[in-house]
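Next come the chains, spelled out residue by residue.
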Amino acid sequence: MRVLIVEDELRVAMAIKRSLSANNFAADIVSNTEDGLSHGLDPDYDLIILDRILPGKISGLEICKKLRDEGITVPILMLTALGEVDDRIAGL
């Protein structure tokens with residue numbers, strides 16, 4: 001299984017990648033919205049782990065919307081430090 005990690009905090013991204021690798025998953029890391037969107041369009045990923053707050057012109061939530069608009073149906077797990085109910089609802 002191939003996983004895309006879109007996370008700007010390198011320590012968080014590396015911890016996720018180590019955990020995935022220990023369980024025989026291949027994982028790639030990108031750290032900004034532009035790379036997240038372009039890599040997310042790659043049909044070879046089986047899962048995307050996407051941070052909501054990223055450096056770049058758009059948010060992680062907008063990346064998710066754009067990928068869905070392009071017909072990408074790969075599962076997306078949203079990571080966020082945002083804890084308000086409205087934030088969680090928006091992520092769904």
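What you see is a predicted model, and the numbers here were worked out from it, not measured in a lab.

Draft legend 1. Just the packing of aromatic side chains, in detail. Going through the model one piece at a time under the given rule, you end up with 0 aromatic pairs. A cation sits over an aromatic face here: R2 above Y45, 4.1 Å from the ring centre.

Draft legend 2. Just the side chain of D51, in detail. Within the secondary structure, D51 is located in strand β3 (residues 47-51). We note that D51 is buried and unpaired, the nearest opposite charge coming from R52 at a distance of 7.5 Å. Separated by 3.4 Å, the side chain of D51 and the backbone nitrogen of I53 make a polar contact. Discounting residues that sit within four places of it in the chain, D51 has contacts with V6, E7, D8, G60, L79 and T80.

Draft legend 3. Representation of the nonpolar core in the model. Counting 14 residues, the largest nonpolar core has L4, V6, I48, L50, I63, L67 and I76 as the members making the most contacts within it. Mapped by element, the contributors of at least two residues to this core are β1 (2-6), β3 and α3 (60-69). Of all the elements, α3 adds the most residues to this core, at 3 residues. Here I76 is in contact with I48, L50, C64, L67 and R68, once residues within four sequence places are set aside. I5, A13, I16 and A27 belong to the second-largest nonpolar core, a separate cluster that totals 8 residues.

Scoring rules and cut-offs
Residues numbered from 1 in each chain as written. Predicted model: local features only at pLDDT ≥ 70, side-chain atom pairs only at ≥ 80, totals over all residues. Heavy atoms only, no water. Phe/Tyr/Trp six-rings, centres within 6.5 Å; stacked < 30°, edge-to-face > 60°. Lys NZ or Arg CZ within 6 Å of the ring centre and 35° of its normal. Helix = DSSP H or I, 4+ residues; strand = E, 2+ residues; numbered from the N terminus. Buried < 20%, exposed > 50% of the residue type's maximum accessible area, 1.4 Å probe, protein only. Lys, Arg positive; Asp, Glu negative; His and termini not counted. Salt bridge = Lys/Arg side-chain N within 4 Å of Asp/Glu carboxyl O. Polar contact = N/O pair within 3.5 Å; in protein donor to acceptor, adjacent residues only side chain to side chain. Contact = heavy atoms within 4.5 Å. Core = buried A, V, L, I, M, F, W, Y, C linked by side-chain atoms within 4.5 Å.

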